[in-house]
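Secondary and tertiary structure notes
One letter stands for each residue in the lines below.
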Amino acid sequence: MRSYLDEISLSGPKDFALIDRHYKQLDETRGLLARLIGAAGPAEIGLCASGSEALSMLAGALSWQHGDEIILSEAEMISNVAPWLRVRDRFGVKIHFAPIREPGFVLAEEVEPLLSPRTKLISITHVPNTSGLVQPLEPIGRLARKAGIPFLVDAAASVGVVPVDVETLQCDLLVGTGRKYLRGPAGSAFVYCRSSVLPYLEPFHFGWKTGSWDWMNQKLTFLPDAARFHVGEPNFAAWIGLGAAVRYVFDIGGIEVVSARVRDLAGSLIGRLNSLPHVRVLGPQETGARSGIIMVDVAGIPPKIAADYLQARGIVVEGGHGYCPGPLRLSGVAMALRLALHYWNTEEDISAVVALLEKLRT
Ligand SMILES: Cc1ncc(COP(=O)(O)O)c(C=O)c1O
């Protein structure tokens, strides 16, 4: 990112060879993301600014008729609910929320009875950001494929920490963000569109990068690939940075290595937290398929106060609802303290947070 900014600030907008190279770097980012999630190639990846934007863009790109139906789950974050509420309010589309239950949260058995001939989309999160649990989405993907319904996976909180593979998930659309577990820059995200669904996606956002404009007949044609989600001047720095973040995952051994390390650390932290009588780990305790997010309730201490206490002592955590209340409500709370590990954390970090929580009593 720094090289890009240095190069462009020194050359200005007139060095076309340089600009050409920067465009090639964006294609590299698309290729790296495709490799990370098992997509067929860069043509199935579009770049954008945030996971929220990607989901809204998809909502605007699908076509809706009054009476169509969408299936979501109760484990969704606002970004995978609000765009569909907009579609509901604008076009008279009906939304069904599949109930969530421990230990697996959204199950295909809960989704299946909600299917109808009017179902136009199933959109479910891979890892809810207030549980950290990897949801068993494969059976839902199989169900969607059998019924011929597009399946969208919100992988914003899973990409970069657990394996995400579009063939395993059997999804047609997927959204990921750079700033979260990939540790890429803010303002970078991507959308995956299976080549078979691309012809049905007609983005509402349209600018000079989206396709072609037949001025004589005032007709628009979309680019054939997922670059149809690119609107205007690209955010080169952020999208080059996103590519660097993905390359880094491969360089340190790949997502399996990251995921195994995070799982071990999470197992260790959960075990230690369970020894504190005033601390309750929320949700399922099994560590086989989870990211590094662990939600906890400290008896008698509001999550924001607990977060401030830890923050003031150098532990970066959050206290709140994460705009994803469903999994918290399942555990009987409205907010929680969120401890989020990544591969660079150590057993010393875990001891430090456990020692502080031990002291944090009413
Ligand atoms: C599960 C989930 N979906 C969507 C988003 C939205 O992503 P962004 O913050 O890039 O808009 C987030 C981010 O917190 C998330 O955790």
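What comes next is a walk through the structure. (Residues numbered from 1 in each chain as written. Predicted model: local features only at pLDDT ≥ 70, side-chain atom pairs only at ≥ 80, totals over all residues. Heavy atoms only, no water.)

It is worth spelling out the sheet that holds strand S10 (residues 279-281) at this point. Pairing is antiparallel in the open sheet, where four strands are placed in the order S10-S11-S13-S12. The outermost strands of the open sheet, each flanked by one partner alone, are S10 and strand S12 (318-320). Each strand of the sheet is rotated relative to its neighbour by a mean of 35°, with strand direction disregarded. Alignment of S10 against strand S11 (residues 293-298), held across three bridges, turns out to be antiparallel. Pairing of Val281 across the sheet is with Val296, part of S11. (Pairing = 2+ DSSP bridges. Helix = DSSP H or I, 4+ residues; strand = E, 2+ residues; numbered from the N terminus. Axes fitted to C-alpha atoms, helices over the stretch in contact; angles between N-to-C directions.)

On to the site of the ligand, then. Close contacts around the ligand come from 13 residues, with Gly51, Ser52, Asp154, Arg179 and Lys180 the closest. Ser52 places a side-chain nitrogen or oxygen 2.5 Å from an oxygen atom of the ligand. Between Asp154 and the ligand, the recorded distance is 2.6 Å, taken from a side-chain N or O atom to a nitrogen atom. Considered on its own, the ligand offers 390 Å² of accessible surface; in the complex 91% of this is hidden by protein. (Near = heavy atom within 4 Å. Polar contact = N/O pair within 3.5 Å; in protein donor to acceptor, adjacent residues only side chain to side chain. Areas by Shrake-Rupley, 256 points an atom, 1.4 Å probe, with all protein chains shown as cover.)

Taken as a whole and assessed by the stated rule, the structure comprises two cavities of 30 Å³ or more. Phe105, Thr130, Ser131, Leu282 and Gly283 are, among the 13 residues lining the largest cavity, the residues nearest its centre. Residues of the lining of the largest cavity, tallied by class, amount to seven nonpolar, four polar and two charged. Taken as a whole, the second largest cavity holds about 40 Å³ of empty space. Lining the second largest cavity, in full, are Thr130, Met295, Glu318, Gly319, Gly320, His321, Gly322, Ala336 and Arg338. Taken together, the elements giving at least two residues each to the lining of the second largest cavity come down to S12 and strand S13 (336-340). Per element, the largest residue contribution to the lining of the second largest cavity is three residues, and it comes from S12. Looking at side-chain class alone, the lining of the second largest cavity contains two nonpolar, five polar and two charged residues. (1 Å grid on protein atoms, 1.4 Å probe; cavity = no way out; pocket = protein on both sides within 12 Å on 5 of 7 lines; lining within 4 Å. Points joined across faces, edges and corners; volume = space filled by probe spheres on them. Nonpolar A, V, L, I, M, F, W, Y, C, P; charged D, E, K, R; others polar.)

On the basis of which strands lie adjacent, the open sheet formed by seven strands has the order S1-S7-S6-S5-S4-S2-S3 and mixed pairing. Two strands in the sheet have a free side with no partner beyond their single neighbour: strand S1 (45-48) and strand S3 (94-98). When the angles between neighbouring strand axes are averaged without regard to direction, this sheet yields 20°. Looking at chain direction, strand S2 (residues 69-73) and strand S4 (residues 119-125) are connected through three bridges and run parallel. Directly across from Glu69, in S4, lies its bridge partner Thr119.

As a further point, take helix H10 (residues 303-312). Buried residues of H10: Pro303, Ala306, Ala307, Tyr309 and Leu310, and no others. When H10 is viewed along its axis, its buried side chains cluster within an angular range of 160° and face the same direction. Opposite the packed face of H10, turned more than 90 degrees from it, sit the exposed residues Asp308 and Ala312. Tucked into the core, H10 has its buried residues touching S12, S13 and helix H12 (347-359). Just downstream of H10 lies Gly314, where phi reads positive at about 90°. (Buried < 20%, exposed > 50% of the residue type's maximum accessible area, 1.4 Å probe, protein only. Arc of directions from axis to C-beta. Contact = heavy atoms within 4.5 Å.)

Coordinates in, geometry out; function isn't part of it.
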